[in-house]
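Read off the chains here:
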Amino acid sequence: MTVGGSLVRRGLMLVNRLERDRDVPASVQQERVLKALLKQAKHTSFGQAYQFDRLLSQHNPIAAFQDTVAVHSYGQLFDQWWKRALEGEANVTWPGQVKYFALSSGTSGATTKYIPVTTAMQRAMGINALRMFACLPKYNVASEIYFKEWMMVGGSAQLQNLGHCYAGDLSGINASRPPAWIKRFYRPGTALAQIADWDERLDTIAKNAWKWDVGIMTGVPSWVQLTLERIMEFYGLDSIHDLWPNLSVYVSGGIAFEPYRKSLEALF
């Protein structure tokens, strides 16, 4: 079996396993998730402060959690807990030491927000990427798509070294450590993704775009639009399909897609 065939098989197996819970009531699934999180975090400073062990023994752990754990603003959570993790303390709100922090400007509070990105979170994002890939057969895409390259447009993979941890855009953190199963297909690749200057990175991607046979594209709509426009301008194209005829799947995220629909459709 080829690498691509093995990838498809693994993805379909994962989806089949996940879909076994489709008929399970949402409330039951929510309780399962909450219990799993409480068990993993019960020995952290946060878990001990809010007595996660006691919450797990309650008849209704959801109600007990809601009654016990206060709703925090970002400022409260950072000042009391995440700041300690940012300074290198382990086992604050999640087991172990946090090695990565995603930077977010947000719309309120601090100008720059530091969001912990744990190993468990990275693993979960990798699993969900595989799950999305495995859902492609539902959309009747051509079978060739499974062996094409993925263009992942995001922030710079060049992260700030804070000594005991790294900080940067979440998409940049993901680009710096793509899941093993996607490395062969990932474009523009970690080296190009590490170019810090956005315009320089776009120009470099455009210059190398002819080398790739991209079938899947992911990223925030505004970034994807700018990337496609730069590539088309560089080669004098009327459509991105003149360069990437197999590009047929776009996975959007981060912001609302609809305001960009017409602009993106004009590029295909």
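Analysis parameters
Residues numbered from 1 in each chain as written. Predicted model: local features only at pLDDT ≥ 70, side-chain atom pairs only at ≥ 80, totals over all residues. Heavy atoms only, no water. Core = buried A, V, L, I, M, F, W, Y, C linked by side-chain atoms within 4.5 Å. Buried < 20%, exposed > 50% of the residue type's maximum accessible area, 1.4 Å probe, protein only. Helix = DSSP H or I, 4+ residues; strand = E, 2+ residues; numbered from the N terminus. Contact = heavy atoms within 4.5 Å. Expected span 1.5 Å × (residues − 1). Bend = angle between axes of the 7 residues up to and from the residue. pLDDT = per-residue confidence, 0-100. Axes fitted to C-alpha atoms, helices over the stretch in contact; angles between N-to-C directions. Parallel < 35°, antiparallel > 145°, perpendicular 65-115°, else oblique. Left-handed = near helix turned anticlockwise from the far one by under 90°. Nonpolar A, V, L, I, M, F, W, Y, C, P; charged D, E, K, R; others polar. Phe/Tyr/Trp six-rings, centres within 6.5 Å; stacked < 30°, edge-to-face > 60°.

Asks: A description of the nonpolar core should follow, citing residues and the corresponding values.
Replies: Among the nonpolar cores identified, the biggest contains 23 residues, and Phe46, Phe52, Trp81 and Phe101 are the most heavily contacted of them. Secondary structure elements with two or more residues in this core: α2 (26–41), α4 (52–56) and α6 (74–86). The contact partners of Phe52, leaving out residues within four places of it in the chain, are Leu38, Ala41, Lys42, Phe46, Gly47, Phe65 and Val69. In this structure, Val153, Ala206, Val224 and Met232 belong to the second largest nonpolar core, which totals 21 residues.

Asks: Talk me through the environment of Gly189; I want residue IDs and the actual numbers.
Replies: Following the sequence through the fold, Gly189 ends up in the loop between β6 (186–187) and α9 (190–193). Considering only alpha carbons, one finds Gly189 and Ile205, 16 residues apart in sequence, at a separation of 9.8 Å.

Asks: Describe α6, naming the residues involved and giving the relevant values.
Replies: With 13 residues, α6 ought to run about 18 Å at 1.5 Å a step, yet its terminal C-alpha atoms sit only 14 Å apart, falling short of that. At Gln80, α6 shows its maximal bend, which comes to roughly 50°. The set of residues buried in α6 consists of Tyr74, Leu77, Phe78, Trp81, Trp82, Ala85 and Leu86. The secondary structure elements touched by the buried residues of α6 are α3 (45–49), β1 (100–104) and β2 (113–117). Looking one or two residues beyond α6, the residue adopting positive phi is Gly88, at roughly 110°.

Asks: Describe in detail the confidence of the model for the chain, supporting the description with residues and values.
Replies: Overall, the predicted model of the chain reaches an average pLDDT of 86, with 90% of residues at or above 70. Of all helices and strands in the chain, the one with the weakest mean pLDDT is helix α1 (residues 3–18) (58), whereas α3 scores best (97).

Asks: Please provide a residue-by-residue account of the packing of helix α10 (residues 198–208) against helix α11 (residues 221–235), values included.
Replies: One can describe the packing of α10 onto α11 by two numbers: an axis separation of 9 Å at closest approach and a directional angle of 50°. Considering their axes alone, α10 and α11 lie oblique with respect to each other. When the axes of α10 and α11 are compared, the crossing they make is right-handed. From α10, Trp198, Asp199, Leu202, Asp203, Ile205, Ala206, Lys207 and Asn208 reach across to α11, where they touch Trp223, Leu226, Thr227, Arg230, Ile231, Phe234 and Tyr235. Considered class by class, the residues forming the contact of α10 with α11 number nine nonpolar, two polar and four charged.

Asks: Which residues make up the packing of aromatic side chains, and what values go with them?
Replies: Within a pair of aromatic rings, the relevant descriptors are the distance that separates the centres and the angle that separates the planes. Following the criterion strictly, the structure yields 11 aromatic pairs and no others. With 6.4 Å between their ring centres and 25° between their planes, Phe78 and Tyr114 make a pair best called stacked. Taken together, the residues span a long stretch of sequence, with Phe78 in helix α6 and Tyr114 in strand β2 at a distance of 36 residues. Measuring from centroid to centroid gives 6.0 Å for Tyr250 and Phe257, while their planes differ by 50°, and the two rings are tilted.

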